[in-house]
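A structural walkthrough
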Amino acid sequence: MKEVVYQGENLFLGNLGHFLVVLAFCTAIFGSIAYFLSVSRKEPLWRKSARVSFWIHTFAVTGVFITLFTIIYGHYFEYQYAWQHSSRNLPWYYMLSCFWEGQEGSFLLWLFWNALIGIVFVYTVKKWESPVLSIICLTQVVLSSMLLGIDLGEVYTIGSSPFNLLREKMALQAPIFRTPDYLESITDGRGLNPLLQNYWMVIHPPTLFLGFASSIIPFAFAVSGLWTRKYKEWLKPALPWTLISVMVLGTGIIMGGFWAYESLSFGGYWAWDPVENASLVPWLLLITTLHLMLIYKSTGTSIILTYILSIASFLLVLYATFLTRSGILGDTSVHSFTDLGLSGQLMMFMFIFYALPLFAILHKKAHKIWMNLIYWTFFLLNIILGIVTKNETAFLILKWIDIAIFVSITVLFVQQLYKTFPVSKTEESFKSRELWMFVGSLLLLLSAFQVTLVTSFPVINKLFGTKIAPPTDAIAYYNKFQLPIAILIALLVAVTQYFKYKTTKTSKVLIHILKTFAISVVLSLGAMFLFEIYKPAYLVLLISGVYAVVANFAYFFEVLKGKINLAGASIAHIGFGFMLVGILVSSAKKEVISINETVDFGSAMDDKGKRENILLLKGDTLRMKDYLVTYTGDTFIEPNTFYKVSYKGIGNNEEFVLEPNAQISNNQLNSNPDTRHYLTHDVYTYVSNIPDREKQMNEPWEEPKPFSVEIGDTVKCSNGAIVFESIDKNARPEDLRLNHQMWAANLKILAGQKTFRLKPIFAITDQSYYTIEDVNNEAGIKAQFYIKSNGQGVSAYLDIAERPPVRDFIIMKAIVFPYINFLWGGVILMVIGFVISIVRRTKDYRRSRES
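Residues numbered from 1 in each chain as written. Predicted model: local features only at pLDDT ≥ 70, side-chain atom pairs only at ≥ 80, totals over all residues. Heavy atoms only, no water.

1. Quick word on the overall build of the protein chain
Which entries qualify depends on this criterion: Helix and strand assignments come from DSSP, with helices taken as H or I runs of at least 4 residues and strands as E runs of at least 2, each series counted from the N terminus. Partly exposed residues are those whose accessible area sits between 20% and 50% of the maximum for their type, while under 20% is buried and over 50% is exposed, using a 1.4 Å probe and protein chains only. The criterion used for residue contact is that any of the two residues' heavy atoms lie within 4.5 Å. What sets the accessible areas is the Shrake-Rupley method with a 1.4 Å probe; for residues, cover comes only from the shown protein chains. The charged-residue count follows a simple rule in which Lys and Arg add positive charge and Asp and Glu add negative charge, with His and chain termini not counted at all. The atoms used to mark charge sites are NZ of Lys, CZ of Arg, CG of Asp and CD of Glu.
The helix and strand tally for the protein chain stands at 24 helices and 23 strands. If one aligns the C-alpha atoms of the protein chain with their principal axes, the spans along those axes are about 120 × 85 × 50 Å. Every one of the 851 residues in the protein chain was classed for burial, and the buried ones make up 53%. A separation threshold of at least 6 residues defines the contact pool for the protein chain, and within that pool the share at least 24 residues apart is 68%. Carbon and sulfur atoms provide 60% of the accessible area of the protein chain, an area that totals close to 40,300 Å². Mean positive and mean negative side-chain charge positions of the protein chain (72 and 62 charges, respectively) differ by 18 Å.

2. Things to note about helix α2 (residues 44–73)
Stated precisely, the cut-off is as follows: For a helix, the expected span equals 1.5 Å multiplied by the residue count minus one.
Its 30 residues give α2 an end-to-end C-alpha distance of 43 Å, which sits within 8% of 44 Å, the value for a rise of 1.5 Å per residue. Where α2 terminates, the next one or two residues include His 75, which has phi positive at roughly 55°.

3. Regarding the pattern of salt bridges
Side-chain pairing between opposite charges can occur once the charged atoms of the two side chains come close. Under the convention used in this document: When a carboxyl oxygen of Asp or Glu is within 4 Å of a side-chain nitrogen of Lys or Arg, the pair counts as a salt bridge.
Inspection of every chain in the model, using the stated rule, returns 15 salt bridges. With its nearest N and O atoms 2.8 Å apart, the salt bridge here joins Lys 515 to Glu 558. A residue pair is termed long-range when its members are at least 10 positions apart, and Lys 515 in helix α19 (residues 506–531) and Glu 558 in helix α20 (residues 536–559) qualify at 43 residues. Lys 515 sits in the partly exposed class, given a relative accessible area of 37%. With relative accessibility at 32%, the residue Glu 558 sits in the partly exposed group. Note that Lys 625 and Glu 591 form a salt bridge whose closest N and O atoms lie 3.1 Å from each other. Linking Lys 625 in the loop between β5 (621–624) and β6 (627–637) with Glu 591 in strand β3 (residues 591–592), this pair joins segments that are 34 residues apart in sequence. Overlapping salt bridges, with partners in common, bring together Lys 608, Glu 612 and Lys 813 in one network.

4. Focus: the domain arrangement of the protein chain
We count it as follows: For the domain bounds, the source is a domain assignment made automatically or taken from a database.
One can read the domain layout of the protein chain as domain 1 (1–197), domain 2 (477–589), domain 3 (614–691 + 809–818) and domain 4 (695–802). The gap between the C-alpha centroids of domain 1 and domain 2 is 47 Å.

5. A few points about the side chain of Ser 586
Spelled out, the test is: N or O atoms closer than or at 3.5 Å make up a polar contact, with two conditions inside protein: a donor-capable atom paired with an acceptor-capable one, and, for residues adjacent in sequence, both atoms drawn from side chains.
Note that Ser 586 resides in helix α21 (residues 568–588). The class of Ser 586 is buried, set by a relative accessible area of 0%. At 2.5 Å, the side chain of Ser 586 forms a polar contact with the backbone oxygen of Gly 582. Residues in contact with Ser 586, not counting those within four places in the same chain, are Tyr 269, Phe 817, Pro 818 and Ile 820.

6. Brief notes about the environment of Asn 777
Tracing the backbone shows Asn 777 in the loop between β20 (774–776) and β21 (781–789). For the pair Asn 777 and Trp 283, spaced 494 residues apart in the sequence, the C-alpha separation amounts to 56 Å. Apart from the residues lying within four places of it in its own chain, the contact partners of Asn 777 are Met 697, Trp 701, Arg 803, Pro 805 and Val 806. There is a polar contact of 2.7 Å between the side chain of Asn 777 and the side chain of Arg 803.

7. A short note on empty space enclosed by the protein
As a reminder, the rule being used: A pocket here means an open set of points on a 1 Å grid, computed over the protein atoms alone, that has protein on both sides within 12 Å along at least five of seven lines. A cavity is instead a set of points where a 1.4 Å probe fits but cannot get out; residues with an atom within 4 Å of a point line either one. Grid points are joined across faces, edges and corners, and a volume is the space filled by probe spheres set on the points. Side-chain classes follow a simple rule in which Ala, Val, Leu, Ile, Met, Phe, Trp, Tyr, Cys and Pro form the nonpolar group, Asp, Glu, Lys and Arg form the charged group, and the remainder, Gly included, forms the polar group.
Enumeration according to the criterion identifies two cavities of 30 Å³ or more in this entry. Approximately 70 Å³ is the volume found for the largest cavity. Taken together, Asn 277, Ala 278, Val 281, Pro 282, Leu 316, Tyr 319, Ala 320, Leu 323, Val 451, Thr 452, Thr 455 and Ser 456 form the lining of the largest cavity. Elements that contribute at least two residues to the lining of the largest cavity include exactly α11 (274–299), α12 (303–325) and α16 (433–455). Of the residues that constitute the lining of the largest cavity, the class distribution is eight nonpolar, four polar and no charged.

8. So, the nonpolar core
As a reminder, the rule being used: Definition used in this section: a nonpolar core is a set of buried Ala, Val, Leu, Ile, Met, Phe, Trp, Tyr and Cys residues joined via side-chain atoms within 4.5 Å.
Core analysis: the largest hydrophobic core is formed by 175 residues, its most contacted members being Trp 110, Phe 219, Phe 221 and Phe 353. With 16 residues, helix α10 (residues 235–263) is the single largest residue contributor to this core. In this structure Phe 219 touches Ile 135, Ser 310, Ile 311, Phe 314, Leu 315, Phe 353, Leu 356 and Pro 357, once residues within four positions along its chain are discounted.

9. Digging into the packing of aromatic side chains
Rule in force here: Ring pairs are drawn from Phe, Tyr and Trp, using the six-membered ring of Trp, whenever the two centres fall within 6.5 Å, and their geometry is named by plane angle: stacked under 30 degrees, edge-to-face over 60, tilted for the rest.
Scanning the model with the defined rule gives 53 aromatic pairs in all. Residues Phe 258 and Trp 824 carry aromatic rings whose centres are separated by 4.1 Å and whose planes lie at 45° to one another, so their mutual orientation is tilted. Of this pair, Phe 258 sits in helix α10 while Trp 824 is found in helix α24 (residues 821–850), placing the two residues 566 residues apart along the sequence. The exposure class assigned to Trp 824 is buried, which follows from its relative accessible area of 11%. Consider the rings of Phe 517 and Tyr 547, whose centres lie 5.2 Å apart with planes at 75°: the pair is edge-to-face. Of this pair, Phe 517 sits in helix α19 while Tyr 547 sits in helix α20, and the two are 30 residues apart along the sequence.

10. Quick look at the environment of Gly 562
With respect to the helices and strands, the residue Gly 562 is situated in the loop between α20 and α21. Assessed through its relative accessible area of 33%, Gly 562 is described here as partly exposed. Between the C-alpha atom of Gly 562 and that of Gln 140, which follows or precedes it by 422 residues, the distance is 44 Å. Setting aside residues up to four positions removed in sequence, Gly 562 forms contacts with Phe 556 and Phe 557.

11. Examining the pairing of strand β23 (residues 809–818)
Our working definition: For two strands to be treated as a pair, DSSP must find no fewer than two bridges joining them.
For β23, the tally of buried residues reaches ten of ten residues, placing the bulk of the element in the interior. When β3 meets β23, the two strands line up antiparallel, connected through two bridges. Residue pairing in the sheet places Glu 591 in a bridge with Val 816 of β23. Bridging between strand β4 (residues 614–617) and β23 involves four bridges; their strand directions are antiparallel.

12. A few points about the state of the cysteines
Just so we agree on the cut-off: Our working definition of a disulfide is a cysteine sulfur pair at a distance within 2.5 Å.
Considering all chains together, one arrives at zero disulfides under this definition. No disulfide involves Cys 137; its sulfur sits 13 Å from that of Cys 26, the nearest cysteine.

13. What to know about the packing of α2 against helix α6 (residues 129–145)
Applicable threshold: Axes, fitted as lines to C-alpha atoms, cover a helix only where it is in contact. Angles between the N-to-C directions of the axes lie from 0 to 180 degrees. Crossing handedness follows the turn of the near helix against the far one: under a right angle anticlockwise gives a left-handed crossing, and clockwise gives a right-handed one.
Taken N-terminus to C-terminus, the directions of α2 and α6 make an angle of 35°; their axes are 11 Å apart at the nearest point. In this structure, the crossing between α2 and α6 has a hand that is left-handed. For the pair α2 and α6, the contacting residues are Arg 47, Arg 51, Phe 54 and His 57 in the first and Glu 129, Ser 130, Leu 133, Ile 136, Cys 137 and Gln 140 in the second. The residue makeup of the contact of α2 with α6, split by class, is four nonpolar, three polar and three charged.

14. A few points about a positive patch on the surface
Our working definition: The residues that make up patches have over 30% relative accessible area and no salt bridge, and they are joined within 9 Å when like-charged or within 5 Å when they are Val, Leu, Ile, Met, Phe, Trp or Tyr.
Residues Arg 47, Lys 48, Lys 126, Arg 846 and Arg 849 make up a contiguous surface patch of positive charge. Relative to the helices and strands, Arg 846 resides in helix α24. Its relative accessible area of 44% is what places Arg 846 among the partly exposed residues.

15. Section: the side chain of Arg 433
Its place among the elements puts Arg 433 in helix α16. Nearest to the buried, unbridged Arg 433 among oppositely charged side chains is Glu 434, at 7.1 Å. With near-sequence residues (within four places) excluded, Arg 433 lies in contact with Thr 496, Gln 497, Phe 499, Lys 500, Tyr 501 and Tyr 555.

16. A word on unusual backbone geometry
In this structure, Lys 561 is a non-glycine residue whose phi angle is positive, near 60°. One can find Lys 561 in the loop between α20 and α21. Notably, Tyr 819 is not glycine yet its phi reads approximately 50°, a positive angle. When you line up the elements, Tyr 819 lands in the loop between β23 and α24.

17. Details of a nonpolar patch on the surface
On the surface, a cluster of nonpolar side chains totalling about 370 Å² of accessible area is made up of Tyr 73, Trp 92 and Tyr 93. With respect to the helices and strands, Tyr 93 occurs in helix α4 (residues 92–101). Owing to a relative accessible area of 35%, Tyr 93 belongs among the partly exposed residues under this scheme.

18. Some details on the sheet that holds β21
Taken in spatial order, the four strands of this open sheet run β13-β22-β21-β20, and their pairing is antiparallel. What marks the edges here is a single partner per strand, and that holds for β13 (705–709) and β20. Strand-to-strand twist across the sheet, computed as the mean angle between neighbouring axes with direction ignored, equals 25°. In the sheet, β20 pairs with β21 via three bridges, with the strands oriented antiparallel. Across the sheet, Asn 776 pairs through a bridge with Ile 781, a residue of β21.

Right, dumping it as structure tokens:
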């Protein structure tokens, strides 16, 4: 059979991308082995070789990044990734969103950040380069394998390549891809998900993945400490990196909240969606790890839990990756990816790094045989699980063996930790800072556990055959558990800093605590009336948040004497207090102002939706709480339609226009809200429904009804009254250049409060006559005008046809979020606090290294 020569394809970019992925994979393997040998054999040559390999690896990863973006930006739709995720009408910055919309692109983004972190690490923490980079390289091996796309016959495929040709993937589905000139018929791609066409989605995923990538550093430090038997030395250099990870991951999460607030139409910024939770839990553990590191730095205690959480933070990042990319959350989350067949590899990814700490702590010769037996048995079982997950019987048998080995590894690791670090018999005093920091850490762990457990219901159901349903009202369910924890943590944030490590004079502490608490209660009482918050649980949370702010302000000025370089923790804690107040007030007191009391939207909405959405006809004005709102029209800027809604304040001069936008994708309306920001509140508006204009225009006309009329007559019909005002005997339509005698009827339509005009024409030729009808779709009226003899003279006639008016309208919802700027301002303060702490801890490490 003659081989088909395809026309117009640019195969160079794909081949270059494939080559660079393989190069990245191979250099990561060599780098990991070489760094490993550098540690075990202590030969400088291995470290130099590993460093060169890592530089080549970074070059290759950057090349893959540039090549894939070139394919997307250049609209090379012969490649499946470009066709599936992009289109020609997207601006360049949304091309970046196309890059990480798919699984392959987001894995590549993670790979890229890891490479950059590794390069920075090489030149900043040289003493720990070999062991830490060996682990980072191992991460790169696994991540780059996700992009290989190598078929092992019909049994298994290693990775999913972003450089696959569209015709290779679609040939069986569409015969057109078997023709040489198939590219001529592919003029555009499928485009970017409308929900991702937001500027926050240009910066949120890179920030979030940088946070995920940075979590490898505390993990690698902890494992390296066990491996090299430098059990405590790793903590000081790890501290600033942990701070960076906490800051970046937290910023990425809150950016996701911004995106949800400005792009999603559920009316908020956090919905306890499983994918949101999956990123939140590692952050909670990283914060806990950070505080435990500080405890150890000052007291030498809590080392075991510090190890466990430094390791667990990254493992939970991997678990989050599995949850969001294996397809297991497909029915419970709007954010999760579909399964590309990578679930087996993702399980192996988790296994390798789950077993790695045990491998590090049990690397003595006496343990080698049985430890390697457990390690490689677990490894092979995960490979088999990935291949046979569709075979229920094999999956059932292997999963129980896998679970047993998983539990064994956990027990062995914890047991070895306790053997390596005997538990201190010294009890912390209730007067010590470390005790209350430890209590706060346990509360954070409890919070993380509750979120992880509920988020993992689909996994539990898959493993154990249960049918645990996720909560129907996720926000209320999670808040019920998280609210008390938030209150306790806020109280600890307020009082703990006044204690010193090991022991404290309680008299001074009590004075500070009671003074700041009294001020907080007074301020909270004022805030209670200002915010109109009277529910006891909310009032307690309000006092706790205010207390966290007041106590940390007082600590900053009274104890730290305003020294900004020492105030990183205090500023971050002030931000946390403001965040709690902002979350409380904006959530508990948000008010839907688009109350509908007249229109029944039918079965398309539930009772709550019917009450909270109003119908706005184009040009009509309705009162909505303290505003008069008018839908003035729309503007189409491909691919979105922007709906202009004018707000005018009642009793004041306030006026503004909001332009929420929407587009129809896959027969579904995708709305993006628009928000008017004020210092004390936001007015948030989104379109929940729009007319189906094609359906309206296809409504059939009723049979025309004839009316004999004279000038001044009024014809009444279902859609309004038609006034026959006059006859224009010199009508000359611009689009008709015919030298015929034309008479036009000047008609005025009165439809409710609106007036429309029609001008049907009666034309006379030398031998005949004809009519030109006029139509007003918004009024739902079509008219023909003609004159004929009635035996006594001539009379004027109108033929009137009607159908449902084609009304331009929107159905919209508007919400006022009061004092939401407390939340955003708190976030900014937290980031500032983290930056100050990072600078301080980095300087401390450099000073200790120089001394």
